[in-house]
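Listed below, chain by chain, are the residues.
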Amino acid sequence: MRPRLPLACLTFLLATSANAQERPPTFERDIEPILARAGCNSGPCHGKSRGQNGFQLSLLGFDPDFDYQAIVQEARGRRVLASAPENSMFLAKPAGRMAHGGGIRLKAGERGYQMVLAWLKAGMPRTAADAPKVTRIDVDPGERVLGFKEEIQLKVTAHYSDGSVEDITRRAQYESNDTEIASVEPSGLVHTLGMSGEAAIMARYQGQVATFRATVPIGSKAADYAFPHQTVVDKFTHQKWQQLQLVPSEVCSDEQFIRRVSL
């Protein structure tokens, strides 16, 4: 049988969970990451230098004061409707209930939509100046050797200035630097494809960045070969070749080296 928790501990855990759920969403901590994840403040959308269709946000949310003013106060506050939050332009457009050139960005019923709605209902509060701030984020795992057409779920954790940590996997923004080797879903699920090599998956949240590195070997065991280590760089190059199961070309002649450097 599992040991039972003391009543005092159980009460504390339930109260902590309830408080976490009851915490009203605030602009900098909750809404800005949603805009970044949905791509609203990216370069091709409202984050471009002149905005999009009369609405401009700072690129990737680097200026929360500018963004808050644009959403809540600009154009006489027409983008938010305190009397009927669910009908606010700021929510109705990305949800597809009003014409929107960027298409549907927030689906009704999903977490991002519900968070924005809760923020509007709470009176559009900003995050307190002395509230804990994200100091770094971690991706688990940090790297992995994967085969063709495999998948792995990443977990992203945010570390705050008060020492607290939070799972922000579903709130982080992801991007692969080589989508022919590995792609990533908005949930942090990484898929390798049919090409060998190395891909870096970047996770971004509130200005912090962490990286997962996927290595996909060529798929067949490399033949043994001798490789002279003449420099420190050679050591790491050799390790990477072995990891990718690649056999390097023969050492070139001086004439070939000069030609390649010239090209």
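Residues numbered from 1 in each chain as written. Predicted model: local features only at pLDDT ≥ 70, side-chain atom pairs only at ≥ 80, totals over all residues. Heavy atoms only, no water.

1. Topic: the side chain of Thr26
Step number 1: Locating Thr26 in the fold gives a position in the loop between helix H1 (7–22) and helix H2 (27–38).
Step number 2: The exposure class of Thr26 is buried, given its relative accessible area of 13%.
Step number 3: Setting aside residues up to four positions removed in sequence, Thr26 forms contacts with Ile31, Trp119, Pro125, Arg126 and Thr127. (Helix = DSSP H or I, 4+ residues; strand = E, 2+ residues; numbered from the N terminus. Buried < 20%, exposed > 50% of the residue type's maximum accessible area, 1.4 Å probe, protein only. Contact = heavy atoms within 4.5 Å.)

2. Description of the sheet that holds strand S5 (residues 165–167)
Picture the strands of a sheet paired through backbone hydrogen bonds; they go either parallel or antiparallel.
Step number 1: Spatially, three strands are ordered S1-S4-S5 in an open sheet, and the strand pairing comes out antiparallel. For this open sheet the edge positions go to strand S1 (134–140) and S5, each flanked by a neighbour on one side alone. When the angles between neighbouring strand axes are averaged without regard to direction, this sheet yields 25°.
Step number 2: Note: S1 against strand S4 (residues 155–160), six bridges, orientation antiparallel. For Asp140, the partnering residue across the bridge sits in S4 and is Lys155. (Pairing = 2+ DSSP bridges. Axes fitted to C-alpha atoms, helices over the stretch in contact; angles between N-to-C directions.)

3. What to know about the pattern of salt bridges
Step number 1: What the rule picks out here adds up to eight salt bridges.
Step number 2: Between Arg126 and Glu28 there is a salt bridge, and its shortest N-O distance comes to 2.5 Å. Of this pair, Arg126 sits in the loop between helix H5 (111–121) and S1 while Glu28 sits in helix H2; the two residues are 98 residues apart in sequence, bridging distant segments of the chain.
Step number 3: Residue Arg29 pairs with Glu166 through a salt bridge whose shortest N-O separation is 3.0 Å. With Arg29 in helix H2 and Glu166 in strand S5, this residue pair connects regions lying 137 residues apart in the sequence. (Salt bridge = Lys/Arg side-chain N within 4 Å of Asp/Glu carboxyl O.)

4. Thoughts on the environment of Leu117
Step number 1: As for its position among the elements, Leu117 is in helix H5.
Step number 2: A residue is classified by how much of its surface remains accessible, and Leu117, at 11% relative accessible area, is buried.
Step number 3: Measuring from C-alpha to C-alpha, the distance between Leu117 and Ser88 comes to 9.0 Å, with 29 residues separating the pair along the chain.
Step number 4: Among residues more than four places away in sequence, those in contact with Leu117 are Pro85, Glu86 and Leu91.

5. With respect to the sheet that holds strand S6 (residues 173–176)
Step number 1: Read from one edge of the open sheet, four strands run S2-S10-S9-S6, paired in mixed fashion. Looking at which strands have only one partner, the edges of the open sheet turn out to be strand S2 (143–145) and S6. Across the sheet, the mean angle from the axis of one strand to that of its neighbour is 15°, orientation sign disregarded.
Step number 2: Where strand S9 (residues 197–205) meets strand S10 (residues 208–216), nine bridges bridge the pair, whose relative direction is antiparallel. By the bridge assignment, Ala200 is partnered in S10 with Arg213.
Step number 3: The sheet strands contacting helix H6 (residues 232–244) are S2, S9 and S10, and the helix crosses S10 at an angle near 60°.

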